[in-house]
Structures are given as structure tokens and as C-alpha cells.
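# Results of the structural survey
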Amino acid sequence: MSSKKSKITRDADGLIKGVKYVYNEDGLIDWRKMIKTEHLVPNKDRTSETDVSKLKDNELIILLGGLKDLANVRGYHSVTYKIHESSPEYVCASCSISWIGNYETENGESVLFEGVADAGVKNTESFGQMYLAAIAENRAFCRAVRNFLRINIVAKEEIKNVKISTPSPTTNAAAPDLFLKNLMKEKKINFT
């Protein structure tokens with residue numbers, strides 16, 4: 001942890017000085033490639049591969065922290081939430097983000113973008129069903145960021161009962177029996 005503070009400085013194009021941006025062929029920022037690998041996890045419902053660098057976007061899940069990180073790098077003026085419908089069994093919320101202008105926006109002007117999401121007893125589970133408003137707000141934020149930045153990886157918060165794979169330091173090719181034992185334990189299958 002650093003004890004020194006740093007100030008974010010943006011250039012005339014609205015980009016943070018010192019950040020290495022990745023660009024598409026059309027010269028726009030490839031926000032998908034700007035996602036740090038620690039914020040990506042395999043979707044175990046779609047793949048058994050654990051190395052995120054080998055997976056297609058539809059086999060990945062982005063974590064909330066990754067979308068917050070991207071939003072900070074992209075830059076925004078404000079984030080506003082609105083509850084559209086609320087009951088003990090269902091909440092519908094929207095998230096409006098006022099993005100700062102940069103070279104990607106017309107005349108460098110700010111852009112307002114909104115995402116809508118819901119949470120209910122049928123698309124949440126366990127203790128999450130007690131926090132439907134918070135879940136709906138997180139889902140709306142994820143959708144607002146993903147859609148504005150043209151990212152086609154679903155966020156963990158957007159889907160119910162998602163199975164994600166996080167590599168374990170003890171799981172490696174040298175110990176296939178340990179890998180198999182852990183996998184079977186996870187699937188609730190007796191190892192013997």
C-alpha cells in the first residue's frame with residue numbers, strides 16, 4: 001500500500017495520463033481489453049478451462065470490481081439510481097451515469113447513459129433475496145457500464161446462481177488427484 005497520494009490528470013482527449021490504453025482498429029478504445037484479468041473469471045456453466053486468457057467472452061464473467069475500475073478510468077461526473085418498482089418480491093431499478101466527454105464522444109461532450117435491471121425472488125437466491133434493491137442497483141450499474149463501453153461479457157451480478165471458477169494455488173497438473181478430489185467435493189460426489 002502506497003503512502004503517497006496521486007492526482008488523476010486527464011489530457012485534452014479526456015484520457016488519464018500514464019494509463020496505457022488499448023485501441024480498436026477504428027481508433028476507439030477497446031474497453032474490453034482494458035479489463036484487468038483479476039476481474040475476469042471463467043463461467044463454469046460454459047467451460048472447464050480456468051485460464052481466462054484462453055477463453056472467449058461468452059465463457060467469461062466480469063466481476064463488479066472490474067466494472068467499477070473501468071468506470072473510474074473512463075471517467076464520469078455522477079451516478080444516479082432510481083427505483084421504478086418495489087415490492088417485497090420484486091425491485092426494478094435504473095442506473096444513470098453521466099460520463100465525462102472525451103475524444104470518443106461528439107464534440108467531447110458529456111454523455112448520459114442508463115441501464116435498467118431487476119431483482120426478484122425468482123432471479124436471486126438465498127440471503128440475496130433479502131437485498132433485492134441493492135442487487136437491482138448493482139445489476140443496473142453493471143449493465144450501464146457494460147453497454148456504454150461496448151463490453152459483451154456478462155457481469156456476475158447480472159445472473160442467478162452463476163458458477164465461477166477461481167484457480168486454486170494447490171490445483172496444478174502435478175497433483176491431478178488433488179484436483180479431482182476438490183472437483184468431486186465441489187460437486188458433492190464421494191471421492192472413493
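Quick caveat, the model's predicted, so the values are computed rather than measured.

## With respect to helix α1 (residues 64–74)
- For α1, the set of buried residues is L64, G66, L67, L70, A71, V73 and R74.
- Structurally, α1 contributes buried residues whose contacts are with β2 (60–62), β3 (76–87), β4 (90–99) and α2 (132–148).
- Two residues or fewer past α1, G75 is found with a positive phi of approximately 95 degrees.

## Things to note about the packing of aromatic side chains
- Scanning the entire structure with this criterion turns up 5 aromatic pairs.
- Judged by centre distance (4.8 Å) and plane angle (10 degrees), the ring pair of W99 and F148 falls under stacked. Of this pair, W99 sits in strand β4 while F148 sits in helix α2, and the two are 49 residues apart along the sequence.
- A relative accessible area of 0% places W99 in the buried class.
- Under the relative-accessibility criterion, F148 is labelled buried at 14%.
- Aromatic pair F113 and F148: ring centres 5.5 Å apart, planes at 55 degrees, arrangement tilted. Remark: F148 occurs in helix α2 and F113 occurs in strand β5 (residues 111–120); sequence separation between them is 35 residues.

## What to know about the pattern of salt bridges
- For the coordinates displayed, the defined rule picks out 6 salt bridges.
- The salt bridge involving R146 is made with E158; its shortest N-O contact spans 2.7 Å. Of this pair, R146 sits in helix α2 while E158 sits in the loop between α2 and α3 (176–186); the two residues are 12 residues apart in sequence, bridging distant segments of the chain. In this structure, R146 and E158 share a single accessibility class: buried.
- Residues joined in a network through salt bridges with shared partners are R143, R146 and E158.

## What about the sheet that holds β4?
- The 3 strands lie next to each other as β3-β4-β5, forming an open sheet whose pairing is antiparallel. The open sheet has two edge strands with one neighbour each: β3 and β5. Taken pair by pair, the neighbouring strands of this sheet meet at an average axis angle of 15 degrees, ignoring direction.
- The sheet contact formed by β3 and β4 spans 10 bridges and is antiparallel. Following the sheet pairing, Y81 is matched in β4 by C95.
- This element, α2, spans β3, β4 and β5 of the sheet and lies at about 140 degrees to β5.

Reading the values: rules and limits
- Residues numbered from 1 in each chain as written.
- Predicted model: local features only at pLDDT ≥ 70, side-chain atom pairs only at ≥ 80, totals over all residues.
- Heavy atoms only, no water.
- Buried < 20%, exposed > 50% of the residue type's maximum accessible area, 1.4 Å probe, protein only.
- Helix = DSSP H or I, 4+ residues; strand = E, 2+ residues; numbered from the N terminus.
- Contact = heavy atoms within 4.5 Å.
- Phe/Tyr/Trp six-rings, centres within 6.5 Å; stacked < 30°, edge-to-face > 60°.
- Salt bridge = Lys/Arg side-chain N within 4 Å of Asp/Glu carboxyl O.
- Pairing = 2+ DSSP bridges.
- Axes fitted to C-alpha atoms, helices over the stretch in contact; angles between N-to-C directions.

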